[in-house]
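Close look at the chain arrangement
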Amino acid sequence: IGAIRAKVDTGARSSSLHVREQEVFERDGRTMVRFLIEHGVDDALSGHVEAEVADQRDVTDSGGRKEKRVFIRTLLQLPGGQSWPIEINLTERRNMAFPMLLGRSAMRRCSCP
């Protein structure tokens, strides 16, 4: 994904990405997930993506509800050239202002001024 709007939330432990049509499957002995990304003006930058599943674990949302979510590992790249690997969980965030939530675990490696 070239660019995506994200909200930095130090109150959230994990990072989340808005996806639809999640499908977990096996390929060559590895657990994979296929999902649809929707972002940009009128979802103009939409597309299907595949990634290896790093984990599946419970996440408690801001309303106190627990939900089992798929986690993947990806590279976070910030404007200015900083980048590092992060874990991100996949969920439906359609009604949220930002398609991505960047939690405090992802920001631990940041050497931002």
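The structure we're discussing is the one just above.
Keep in mind that what you see is a predicted model, and the values were worked out from it rather than measured.

Another aspect to go through is the overall build of the chain. If you tally the helices and strands in the chain, you get one helix and seven strands. In the chain, the succession of helices and strands from N to C terminus is β-β-β-β-β-β-β-α. Taking all 113 residues of the chain together, the buried fraction comes to 33%. Put simply, 44% of the contacts in the chain that link residues at least 6 apart link residues at least 24 apart. Accessible area for the chain stands at about 7,400 Å²; split by element, carbon and sulfur atoms hold 46% of it.

In this section: the nonpolar core. Ranked by internal contacts, the top residues of the largest apolar core, which has 17 residues, are L17, V33, F35, I72, I86 and L90. The set of elements that each furnish at least two residues to this core consists of β2 (15-27), β3 (30-37), β4 (47-60), β5 (66-77), β6 (83-91) and β7 (100-103). In contact with I86, not counting residues within four places along its chain, are I72, R73, T74, L76, M100, L102 and A106.

In summary, the side chains of a regular strand alternate between the two faces of the sheet. As paired elements, β3 and β4 share six bridges and run antiparallel to each other. Of the residues in β4, the one forming a bridge with R34 is E50. Across seven bridges, the pairing between β4 and β5 is antiparallel. Of the residues in β5, the one forming a bridge with V59 is E67. If you look at the hairpin formed by β4 and β5, you'll find five residues sitting between the two strands, and G64 has a positive phi there, around 85°.

Reading the values: the criteria
- Residues numbered from 1 in each chain as written.
- Predicted model: local features only at pLDDT ≥ 70, side-chain atom pairs only at ≥ 80, totals over all residues.
- Heavy atoms only, no water.
- Helix = DSSP H or I, 4+ residues; strand = E, 2+ residues; numbered from the N terminus.
- Buried < 20%, exposed > 50% of the residue type's maximum accessible area, 1.4 Å probe, protein only.
- Contact = heavy atoms within 4.5 Å.
- Areas by Shrake-Rupley, 256 points an atom, 1.4 Å probe, with all protein chains shown as cover.
- Core = buried A, V, L, I, M, F, W, Y, C linked by side-chain atoms within 4.5 Å.
- Pairing = 2+ DSSP bridges.

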